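Letter by letter, the chains look like this.
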Amino acid sequence: MPEFDSGGMAWMMVASALVLLMTPGLAFFYGGLVRAKNVVSTMMYSFAAMALMPVIWVLWGYSLAFGEGNAFIGDFSYVLLNGINMTSTDPAADIMFVIFQGMFAIITPALITGAFVERFKFSTYLIFITLWVTLVYAPICHWVWGGGWISQGVFGDQGALDFAGGTVVHLNAGAAALVAAWMVGKRRGGAAGTIVAHNVPYVILGASLLWFGWFGFNAGSELAADGVAANAFLTTNTAAAMAALTWLVISGLHTGKMSAVGAATGAVAGLVAITPACGWVDVGGALMIGLTVSIVCYLSAMAMEKSGIDDALVVFGVHGVGGAWGALMTGVFAAEAIGGVKGLIEGNGAIVLEQLVGILATFAYSAVVTFIILKILDVIPGLGLQEIEETELGGLDVNIHGERGYIADGAD
Amino acid sequence: MPEFDSGGMAWMMVASALVLLMTPGLAFFYGGLVRAKNVVSTMMYSFAAMALMPVIWVLWGYSLAFGEGNAFIGDFSYVLLNGINMTSTDPAADIMFVIFQGMFAIITPALITGAFVERFKFSTYLIFITLWVTLVYAPICHWVWGGGWISQGVFGDQGALDFAGGTVVHLNAGAAALVAAWMVGKRRGGAAGTIVAHNVPYVILGASLLWFGWFGFNAGSELAADGVAANAFLTTNTAAAMAALTWLVISGLHTGKMSAVGAATGAVAGLVAITPACGWVDVGGALMIGLTVSIVCYLSAMAMEKSGIDDALVVFGVHGVGGAWGALMTGVFAAEAIGGVKGLIEGNGAIVLEQLVGILATFAYSAVVTFIILKILDVIPGLGLQEIEETELGGLDVNIHGERGYIADGAD
Amino acid sequence: MPEFDSGGMAWMMVASALVLLMTPGLAFFYGGLVRAKNVVSTMMYSFAAMALMPVIWVLWGYSLAFGEGNAFIGDFSYVLLNGINMTSTDPAADIMFVIFQGMFAIITPALITGAFVERFKFSTYLIFITLWVTLVYAPICHWVWGGGWISQGVFGDQGALDFAGGTVVHLNAGAAALVAAWMVGKRRGGAAGTIVAHNVPYVILGASLLWFGWFGFNAGSELAADGVAANAFLTTNTAAAMAALTWLVISGLHTGKMSAVGAATGAVAGLVAITPACGWVDVGGALMIGLTVSIVCYLSAMAMEKSGIDDALVVFGVHGVGGAWGALMTGVFAAEAIGGVKGLIEGNGAIVLEQLVGILATFAYSAVVTFIILKILDVIPGLGLQEIEETELGGLDVNIHGERGYIADGAD
Amino acid sequence: MIKIEAVIRPEMASSIGELLEEAGVGGYYMTNVTGKGNQKGVEVLTGRGTSAITRAAIPKTLITTVVSDELKDKVVNILISGAKSGEGSIGDGKIFISKIEEAVRIRTNEKGKKAL
Amino acid sequence: MIKIEAVIRPEMASSIGELLEEAGVGGYYMTNVTGKGNQKGVEVLTGRGTSAITRAAIPKTLITTVVSDELKDKVVNILISGAKSGEGSIGDGKIFISKIEEAVRIRTNEKGKKAL
Amino acid sequence: MIKIEAVIRPEMASSIGELLEEAGVGGYYMTNVTGKGNQKGVEVLTGRGTSAITRAAIPKTLITTVVSDELKDKVVNILISGAKSGEGSIGDGKIFISKIEEAVRIRTNEKGKKAL
Ligand SMILES: Nc1ncnc2c1ncn2[C@@H]1O[C@H](COP(=O)(O)OP(=O)(O)O)[C@@H](O)[C@H]1O
Ligand SMILES: Nc1ncnc2c1ncn2[C@@H]1O[C@H](COP(=O)(O)OP(=O)(O)O)[C@@H](O)[C@H]1O
Ligand SMILES: Nc1ncnc2c1ncn2[C@@H]1O[C@H](COP(=O)(O)OP(=O)(O)O)[C@@H](O)[C@H]1O
């Protein structure tokens, strides 16, 4: 755990606030992409994560992720942040670390929701993310950042590189999304390929808030306001732009139209892919990562459309595939001059293997445990995964939340 | 007045920007809750506070609040920030303090507007907030933060605790809101109980921006980037989440639907209640405050609906009652390990009495002076409080501002 | 190039993020002002600048602006940020400076787009801003901030004052906007004077995000978290408020309605005018600048409406005229106590001449080179400036981007 | 069977709905439209709040109900009295009546009066 | 020529459109309306999620097509079967038919059946 | 009295409104609808800008005016010439005319032609 000077503390408070803002950003990104009758519901999946996760985090989440424990999971020593306060020797540092990490625990489950919007039962959802953050997120977080086995290295001393959460957050959420989309089942009444975004400005607003907040996510992960943070900031911005541009161009060449949703998606894909890499690569690496991730994710988005699994907002295609791609490319483009670790291009092939281990382990664990959780929730009487048909066709907003997104004067 | 190092300065500039952003956040929170024909008007009450208050603040507001003066009000020594500039001995500190406090003077009158949206005469409103910030806000600010009588303590040396403005901002605005809602009169054409939010995404956006900005409001009130600020940040986030969750659950149990507006309101209620407490309580206290304030405010929101006073957006119910509750709970949960002051639970009953004095004095002064100001504005020819019926029924947007919120292509 | 301590670094990362957020702010400000059928297109002009400019900036833009070169333009020494990395002697400082300046290179071309929204061909646009940032923005940036001729002074040692980009960004964009509006041609089907904003809340959101981000733009330009930055922050906020208030009042007196769009425009005009001045004037100067710029820009907006040039969103009227006015007033109100340079009021007339040189040179260079670029793009087969009539009448959103801004359930 | 269509002020829509129900109509639907008549338009601002123009498009609500011929007078009277603003001012709206040949309830296939 | 208007559930709109086309209608248009009939309204929350009320305004989609008299039965049958939700539940909607005197295609000035 | 309804391109709406007024109609109202006819739809993108589909729903504006029988030809001609895009291209729209039995001005209770 770091010690913060006044400047570091200032930066970490801001970075934490920025990461918090990513979840409303996601609410608008996802909310704009669904149909109008489900906009409140879609946003509420994210907003409910803001309401529920911070409570779980201070109660037991932080402790399971960062308590000493063993190589696989923390312990209950920090329950209710026991011992982390103003009287501990380094109070500020610990509290600040709890805060910053807690914001990651909000956005990660919220990311998954794009896979099952417009149909997942909201009451089950609240239980799902409670279990998921406890049984999936906290352990993987412990593996990578809490001193667990991945951070210790499998083939050598240098464990897999994940500067800001490419595997912990994005690949993890992507794997869970794939499983969840499949288990919850397809949306009724509206073949996937015919649904268009109901509010494109919201998509742009959401992507922009995500981009803005991601500076906190990535450069904040340095836990200091220094040169490495600045490098992370620059590579983040560069990769996001390059990927947005690439997606825009591909979409233009492929469909004949320059999709705004595509540009926004490209930006997000770039941000996902640079996340593990931002503190390890230079600006040239960032351009390459941005360029390639949009190609890879564009193809995977197309593949998902044909896959028969209704991953409604392509969470697996963007966060799963993009997160894995970014983790791999981190191993390829890591530059000694930036983060002290060489990548494949500089002749260090071993690090790519470490990255692969991280990717496979995260994917496998997340997919399997998510499957088990959902299976159990599915069979418990009174719970279940998918809303009944009438609710789904009429829209989740009015049926579940008692609210309609938009009401005009007069006829409405 | 504090001296800022570079990190402190960085944090205070950011915190000030965050507090500024709360007012547009409020514009969207309130704007989403009204009917479409009044969305521009509702947002303009807030935006006009951004236009008017900073001017008043540098002209005479800061001076009345923080000029030495006496125990009850400042003086005119700092008019036009006289003497506060780059040549004063501690220039940065003073300018920064003026800025940060000035942002509070924008949001406080803007909070009141939720009580009288959809009907208060806009030209009168501009005069109202000018008088209100001068005659109500500046004095109370002086009492609590400007070295006035409340800060000096009534029963002992330790005056009432108000870390970031639970009484000065929220209870004060809530009291004024109650009086204003009653004096302006009810909305015509639409019984309070039948109006539903016209744009729920705006409500979520607004609540999210408020939450985001509130980190500046609360953790910024430490005036430094240190451990106390981090504690304030953590308790703020925790209480907001706990309260949002609580409101969501209560609303679900009570009405059978999981209201998004309810969750957003809960978050705001939690933020209000933790405001006076955030630098004095630990995370356990924050959970309790978040839990209880949503129960208390939910009940008060229900009571207001039946009260016959058309406090349109439940400002008294949330900011008045929530602010008072938070101030009281600050006295209950204050922990010596956090802020050096014991609360009731740690055996210090006296502080609860100080809190009560602060609550009662703020409520009484704000209510009475607000009443007098509105009474005078009501009888001055050419002013008056409520728009004429035709204007109100047709909507304030088009009639007062010459604008409609939304215009579609074609028929519109 | 500055060296940053931890606090300065924290502030500059935040300031950079804030400036990045201004471009989505602009997307909503402009997007709200056009007709619904062009909202995606209008936002995409801005979002595409976010996708394209950062790539150009790290490839050659930064090098042309800040490479040593000569008095008129930089060189190619920093292509792909060659030599600017973690191993250079002062890595953090340089990377941070690249980042911060790079955000200015995004917003400047985006500002121009308001002049030709609803009709400029999107594919040509992407080429246009690539050329423009290379041939217009980079040189002028070099003149003023890169050690070029304007910074060296024409009549004396003290070159023209431009704290945060009044000429480089705003006047520059305004001049280009005037030329572009004229060359692209008028919008078809809808006389300028009959089009009303399709979404006023977006205009308010956009103006608020601009205001919020402008703190990073102006106070960040100090490149440190110190007293000068605080002064810039305070004058920025004061001028924005004063100008918003002034425009609101003028619009009310002139038209009988209190326009929200007007108040938002006033805020932007105030922000534009204080940009060159914010680190050189005190709060009294800020009030005067805010007051006068709204009067000047209100008149110029009215003049533009009658001019026959379809500067759709009055970019020349606000950024061009407001930028020039602000640059001039910087020379008038500069106070020795603030930035060490006297202005006209303190008896230094020479500085006003320097300001005039800066204004005229920027205007002339920007207008002429923009003209040449557009002329060439106009005649290249397959490019051209204005969309064909059918595309324009049916809306750019669906025809160019394959998307409609808003889709309701059911009939849509 | 006849179709009664009334263009009314939007703020009257929900109370008119209730009145129609009391009058015994089987159902109705409402549409948001914009209209122009003797009320020549509304004054709105263009540009940047810099000039006021009159726009023809005044928001109105169209309420449509299909009723049996006997209900005609009752419904028309209710609409007239319910949609009047105060003493009646320009822009209160109009009622148009036309013939309906056939009505069908989709759920039950019922036709004619039974379908209303 | 007759005009067939059907008030249906919004989620049925796009599939009904396709069915109409298959039936051979020359065109149609759709309008979003809100309606009330036997389905008395939807439960929504007011205040701050603090109380539930029933609102009359249920979103429906009105689909309108003008066809030659011969197509009437075909189109009505298609609407009835296509707009039914499952076994048919309250709120599936209604169909109203009226006479059209004249139709004109703006592009070609064609009149009557040829214009449909 | 007759009711003239025209489905037109949205961008024509405001100029058509002015033309109708010049023609002497007492009033009109406009509704935003989406339509399909010979113009089979518009190409839009789905997914993440990854594939193009054709959507049936093309935005159109429905303009409705009730006039006395004598005005019929004048209004129809104005609509035909005013709503044509250039030389006339697919999707310019259609005009439908039907009979109105009765009209009432709510403000004054006037009936028949005087109410128009
Ligand atoms: N002849 C008409 N055909 C269709 N709609 C009409 C006609 N005349 C009026 N209307 C509608 O009725 C509304 C009210 O009419 P208006 O003439 O303004 O009021 P009043 O009848 O009180 O003089 C108009 O806005 C328009 O929508
Ligand atoms: N008499 C009527 N006139 C106009 N519209 C009607 C009428 N009756 C029903 N409707 C419309 O049809 C919709 C469905 O009618 P409803 O009575 O709820 O269903 P059902 O016919 O299955 O009992 C209503 O929401 C309303 O919009
Ligand atoms: N038979 C019809 N009934 C109702 N509306 C129709 C009919 N035919 C066309 N329309 C409407 O008119 C619009 C234009 O018709 P379309 O056939 O595309 O153009 P054109 O008449 O120029 O061939 C359609 O979008 C549709 O809204």
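Not measured: the values here are computed from a predicted model. (Residues numbered from 1 in each chain as written. Chains lettered and ligands numbered in written order. Predicted model: local features only at pLDDT ≥ 70, side-chain atom pairs only at ≥ 80, totals over all residues. Heavy atoms only, no water.)

K.L.:
Where do I start with the overall build of chain A in this structure?
P.N.:
Helix and strand content of chain A: 15 helices and 0 strands. Relative to the globule expectation of 22 Å for 412 residues, the C-alpha radius of gyration of chain A, 20 Å, shows essentially globular dimensions. Principal axes of the C-alpha set define a box for chain A whose edges measure 60 × 50 × 40 Å. For chain A, the residues scored as buried account for 74% of the 412 residues in total. Partitioning the contacts of chain A with sequence separation of at least 6, the portion at a separation of at least 24 is 78%. Accessible area for chain A stands at about 10,500 Å²; split by element, carbon and sulfur atoms hold 65% of it. Distance between charge centroids for chain A: 19 Å, based on 12 positive and 27 negative side chains. (Helix = DSSP H or I, 4+ residues; strand = E, 2+ residues; numbered from the N terminus. Rg over C-alpha atoms; globule rule 2.2 N^0.38 Å. Buried < 20%, exposed > 50% of the residue type's maximum accessible area, 1.4 Å probe, protein only. Contact = heavy atoms within 4.5 Å. Areas by Shrake-Rupley, 256 points an atom, 1.4 Å probe, with all protein chains shown as cover. Lys, Arg positive; Asp, Glu negative; His and termini not counted. Charge placed at Lys NZ, Arg CZ, Asp CG, Glu CD.)

K.L.:
Would you explain the site of ligand 2 in this entry?
P.N.:
The immediate surroundings of ligand 2 are formed by 22 residues, with V66 and R107 of chain D together with N38, G91 and K94 of chain E found nearest. At the site occupied by ligand 2, nearby residues are drawn from chains D and E. A distance of 2.6 Å separates an oxygen atom of ligand 2 from a polar atom in the backbone of N38 of chain E. Contact distances for ligand 2 include 2.8 Å between a nitrogen atom and a side-chain N or O atom of K94 of chain E. Contributions of two or more residues to the shell around ligand 2 are made by β2 (28-36) and β5 (58-67) of chain D together with β2 (28-36) and β6 (94-99) of chain E. Counting residues per element, the shell around ligand 2 draws most heavily on β5 of chain D, at 3 residues. (Near = heavy atom within 4 Å. Polar contact = N/O pair within 3.5 Å; in protein donor to acceptor, adjacent residues only side chain to side chain.)

K.L.:
How should the interface of chain C and chain A be read in this particular structure?
P.N.:
For an interface, size is often stated in terms of accessible area lost upon the parts coming together. Each side of the interface is counted separately: chain C has 52 residues, and chain A has 55 residues. At the boundary of chain C with chain A, the tally comes to 0 salt bridges. Run the count over chain C and chain A and you get 12 residue pairs in polar contact (both at pLDDT 80 or more). Here the element with the most residues in the side of chain C that touches chain A is helix α1 (residues 6-33) of chain C; it accounts for 13 residues. (Salt bridge = Lys/Arg side-chain N within 4 Å of Asp/Glu carboxyl O.)

K.L.:
Is there a simple way to think about the site of ligand 1 in this case?
P.N.:
Around ligand 1, the surrounding shell holds 22 residues, and the nearest of these are N38, G91 and K94 of chain D together with V66 and R107 of chain F. Surrounding ligand 1 is a set of residues that belongs to chains D and F. G27 of chain F is positioned such that a nitrogen or oxygen atom in its backbone is 3.3 Å from a nitrogen atom of ligand 1. Here an oxygen atom of ligand 1 sits 2.6 Å away from a polar atom, N or O, in the side chain of R107 of chain F. Relative to its free-state accessible area of 550 Å², ligand 1 is covered by the protein chains to the extent of 100%. Secondary-structure elements contributing two or more residues to the shell around ligand 1 are β2 and β6 (94-99) of chain D together with β2 (28-36) and β5 (58-67) of chain F. For the shell around ligand 1, the leading source of residues is β5 of chain F, giving 3 residues. Taken together, the residues of the shell around ligand 1 sort by class into 6 nonpolar, 10 polar and 6 charged. (Nonpolar A, V, L, I, M, F, W, Y, C, P; charged D, E, K, R; others polar.)

K.L.:
I'm lost on a nonpolar patch on the surface in this one. Help?
P.N.:
Residue and element names in this part refer to chain A. Together, W182, V368, F371, I372, I376, V379 and I380 give the surface a local cluster of nonpolar side chains, amounting to about 650 Å² of exposed area. In this structure, I376 sits in helix α13 (residues 350-379). Overall, the relative accessible area of 46% leaves I376 in the partly exposed class. (Patch = residues over 30% accessible without salt bridge, like charges linked within 9 Å, V, L, I, M, F, W, Y side chains within 5 Å.)

K.L.:
Sorry, what's going on with the pairing of strand β3 (residues 42-46) of chain E here?
P.N.:
Here is the key point about a regular strand: its side chains alternate between the two faces of the sheet. All names here are of chain E. When you tally the buried positions in β3, you get 4 out of 5 residues, the bulk of the element. Pairing analysis gives 5 bridges linking β3 to strand β4 (residues 51-55), with the strands arranged antiparallel. Paired with E43 across the bridge in β4 is T54. Hairpin connection, β3 to β4: the antiparallel pair is bridged by 4 residues, and G47 has positive phi, about 60 degrees. (Pairing = 2+ DSSP bridges.)

K.L.:
Mind showing me how you'd approach helix α8 (residues 227-255) of chain A here?
P.N.:
Residues spaced three or four apart along an α-helix face the same direction, because each turn holds 3.6 residues. Residue and element names in this part refer to chain A. Compared with the 42 Å implied by 1.5 Å per residue over 29 residues, the 42 Å span of α8 between its first and last C-alpha is a close match. With respect to burial, α8 is a largely interior element, 25 of its 29 residues being buried. One side-chain oxygen of the residue at the start of α8 lies 3.2 Å from the amide nitrogen of V228, identifying that residue as D226. Once α8 finishes, G256 follows within two positions and takes phi at roughly 85 degrees, a positive value. (Expected span 1.5 Å × (residues − 1).)

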